[in-house]
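What follows is the residue order along each chain.
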Amino acid sequence: MKSAQEDEYLEFVAARGKALYRSAYVLAVGDTHLAEDLVQETLSRVYVHWKKVARADSPAAYAQTVLVRTFLSLRRRRSTGERPTGSLPDGAAAGPDTALRLTLLDALGQLPPRDRAVLLLRYWEDRSIEETAQMLKLSSSAVRSQGTRALGRVRALLGDSLSDLVLH
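Criteria and cut-off values
- Residues numbered from 1 in each chain as written.
- Predicted model: local features only at pLDDT ≥ 70, side-chain atom pairs only at ≥ 80, totals over all residues.
- Heavy atoms only, no water.
- Patch = residues over 30% accessible without salt bridge, like charges linked within 9 Å, V, L, I, M, F, W, Y side chains within 5 Å.
- Areas by Shrake-Rupley, 256 points an atom, 1.4 Å probe, with all protein chains shown as cover.
- Salt bridge = Lys/Arg side-chain N within 4 Å of Asp/Glu carboxyl O.
- Lys, Arg positive; Asp, Glu negative; His and termini not counted.
- Charge placed at Lys NZ, Arg CZ, Asp CG, Glu CD.
- Helix = DSSP H or I, 4+ residues; strand = E, 2+ residues; numbered from the N terminus.
- Contact = heavy atoms within 4.5 Å.
- Buried < 20%, exposed > 50% of the residue type's maximum accessible area, 1.4 Å probe, protein only.
- Arc of directions from axis to C-beta.
- Axes fitted to C-alpha atoms, helices over the stretch in contact; angles between N-to-C directions.
- Parallel < 35°, antiparallel > 145°, perpendicular 65-115°, else oblique.
- Nonpolar A, V, L, I, M, F, W, Y, C, P; charged D, E, K, R; others polar.
- 1 Å grid on protein atoms, 1.4 Å probe; cavity = no way out; pocket = protein on both sides within 12 Å on 5 of 7 lines; lining within 4 Å.
- Points joined across faces, edges and corners; volume = space filled by probe spheres on them.

**Observations concerning a positive patch on the surface**
Taken together, the side chains of Lys-2, Lys-51, Lys-52 and Arg-55 define a basic patch exposed on the protein surface. Along the chain, Lys-52 turns up in helix α3 (residues 50-55).

**Concerning the environment of Phe-71**
Within the element layout of this structure, Phe-71 appears in helix α4 (residues 59-76). Spatially, the C-alpha atoms of Phe-71 and Asp-37 are 9.7 Å apart, while their sequence positions differ by 34 residues. Discounting residues that sit within four places of it in the chain, Phe-71 has contacts with Leu-27, Leu-38, Pro-113 and Arg-116.

**Description of helix α7 (residues 129-136)**
All buried positions along α7 are accounted for by Ile-129, Thr-132, Ala-133, Met-135 and Leu-136. Buried residues of α7 fall within an arc of 165° about the axis and therefore sit on the same side.

**Quick look at the packing of helix α6 (residues 113-124) against helix α8 (residues 140-158)**
Put simply, α6 and α8 touch, their axes get as near as 9 Å, and they point 100° apart. Overall, the two elements α6 and α8 adopt an arrangement that is roughly perpendicular. Only Val-143, Gln-146, Gly-147, Ala-150, Leu-151, Arg-153 and Val-154 of α8 make contact with α6, whose side of the interface consists of Arg-114, Asp-115, Val-118, Leu-119, Arg-122 and Tyr-123.

**Observations regarding the packing of α7 against α8**
One way to put it is that α7 packs onto α8 with a least axis distance of 8 Å and a crossing angle of 100°. Here α7 is positioned roughly perpendicular relative to α8, judged by the angle of their axes. Together, Ile-129, Glu-130, Thr-132 and Ala-133 of α7 and Ser-140, Val-143 and Arg-144 of α8 make up the contact between the two elements. Looking at the contact of α7 with α8 residue by residue, the class counts come to three nonpolar, two polar and two charged.

**Concerning the layout of surface pockets**
In this model, the second largest pocket occupies a volume close to 560 Å³. Along its surface, the second largest pocket is lined by 20 residues, and Val-26, Leu-104, Leu-105, Leu-108 and Trp-124 are the ones closest to its centre. Classifying every residue of the lining of the second largest pocket by side-chain character gives 15 nonpolar, no polar and five charged.

Everything listed here is a matter of geometry and, on its own, says nothing about what the molecule does.
So this is what it looks like as structure tokens:
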């Protein structure tokens, strides 16, 4: 890659890296290590195709699409060398909305990966139905119905606990 293109890429990473990480964190339901891996994989794929990405209408949307597709393809692969453990090494950051955040992440973690991706794109990233459909290679009606079902599942999982957390 030429120096000017490298500079453009580094500026892009500096501008969009944190937003990509926040999206990856939601997709990974709070697993910081998986979120970092997703961002690293996304940025490496973007780097390889930077000439094409830089000419795109929205390089940020391109990178977001790569992130979501990377997450979904990772979830489809069942064979990984990682094993879950019963103890978590990192504690949650203290703050007024910590309990709410953890409760929401737990509920999102119980959803299938595609439902989680739909909710992330529609409500966290505030994407339109059409943008979400294009990014996930679904029809608009599939995004609508999947989003409605996923929100219903989250509401059922949270029950009264969400209103208790919001009011306190």
